[in-house]
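Analysis of the macromolecular model
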Amino acid sequence: MRRKLAAGNWKMNGLGSALSELAAIAGCETRQTDLLICPPATLLGRAADTAAAGSCAIGGQDCHARESGAHTGDISAAMLADAGASHVLVGHSERRSDHGESDADVCAKTTAAWAAGLTAVLCLGESLAQRRSGDTLAVIGAQLAGSLPDGANGDNTVIAYEPIWAIGSGLIPEMAQIAEVHDFLRRALVERLGDDGDRIRLLYGGSVKPGNATEIFAVSNVDGALVGGASLKAADFKAIVAALDAA
Ligand code: PGA
């Protein structure tokens, strides 16, 4: 009942020449998998044009909580929508660490995303120290409670579980650890939102590659992936999409 979602986060990578990779991704035919690429803001308009020929949604990587105003260098959710985005990442751990974003900030950004008609892809995840001290579920639970506003549903929200220590490191949790967090998130969402909580897609992110995708996608309550490095090359991303489509 929940469609799969393969999402790519290009981070601060990609010049105009990278649009050929996006064109190849957008041309990918899938059975049960939706596609999303979040390019850098400079490429949004061109990316939306490129993806329009295929079946790939385009998302921003962050938005400001305000609709407009004196915030030099920032981009509002309405601007992302105007440029052709339908989604936006909020609360990525690199935003939380590089820009000091709190759960309250992420909550405000999610509300702003919804107001602009965007689907928020809310990112959560524990540090290695938190994992080692046995605090993972407490950390994830607190992030979810603090950064997801009331009113979330399967259309306006996707949640990505991304252990910070797995991002860009080549390390991934054991499958049982991914299952534990995803099952916990599902329970927490259903408890808070009822049926709407059951419709919210849960992505795993952190070093997803063609070589580990199949085993990750077999884990319960994993509805897809948020992919960084391996989304930059169409061949790698398409292999991940194929694994998800077959799951
Ligand atoms: P990675 O990044 O796939 O390169 O580990 C994932 C992410 O940060 O979303």
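Bear in mind the structure is a predicted one, so any value in this text is a computation, not a measurement. (Residues numbered from 1 in each chain as written. Predicted model: local features only at pLDDT ≥ 70, side-chain atom pairs only at ≥ 80, totals over all residues. Heavy atoms only, no water.)

Attention now moves to the site of the ligand. Inspection of the region around the ligand gives 13 residues, with K11, H92, E162, G168 and S207 positioned closest. In this structure, an oxygen atom belonging to the ligand sits 2.6 Å away from a main-chain N or O atom of G168. G229 is positioned with one of its backbone polar atoms (N or O) 2.9 Å from an oxygen atom of the ligand. Here the ligand, which alone exposes 280 Å², has 97% of that area covered by the protein. Here the ligand occupies the second largest pocket. (Near = heavy atom within 4 Å. Polar contact = N/O pair within 3.5 Å; in protein donor to acceptor, adjacent residues only side chain to side chain. Areas by Shrake-Rupley, 256 points an atom, 1.4 Å probe, with all protein chains shown as cover. 1 Å grid on protein atoms, 1.4 Å probe; cavity = no way out; pocket = protein on both sides within 12 Å on 5 of 7 lines; lining within 4 Å. Sits in = over half its atoms within 2 Å of the grid points.)

Here helix α7 (residues 136-147) spans 16 Å end to end across 12 residues, near enough to the 16 Å set by a 1.5 Å rise per residue. Buried residues of α7: T136, V139, I140, Q143, L144 and S147, and no others. Down the axis of α7, the buried side of the element spans an arc of 130°, and every buried residue falls inside it. In this structure, α7 carries A138 and A145 as exposed residues pointing more than 90 degrees from its buried face. In this structure, the buried side of α7 is in contact with α4 (93-98), α5 (103-115), β5 (119-124), α6 (128-132), β6 (157-161) and α8 (175-193). (Helix = DSSP H or I, 4+ residues; strand = E, 2+ residues; numbered from the N terminus. Expected span 1.5 Å × (residues − 1). Buried < 20%, exposed > 50% of the residue type's maximum accessible area, 1.4 Å probe, protein only. Arc of directions from axis to C-beta. Contact = heavy atoms within 4.5 Å.)

Within the secondary structure, Q143 is located in helix α7. A relative accessible area of 11% means that Q143 is categorised as buried. A distance of 2.9 Å separates a polar atom in the side chain of Q143 from the backbone nitrogen of G125. If sequence neighbours within four positions are ignored, Q143 has contacts with R96, D103, L124, G125 and L148.

Attention now goes to the state of the cysteines. Counted by the stated rule, this structure contains zero disulfides. Unpaired in this structure, C28 has its nearest cysteine sulfur neighbour in C56, at a distance of 9.0 Å. Not engaged in a disulfide, the cysteine C123 finds its nearest cysteine sulfur in C38; these two sulfurs lie 8.7 Å apart. (Disulfide = S-S within 2.5 Å.)

The values reported here are purely geometric and, on their own, carry no functional implication.
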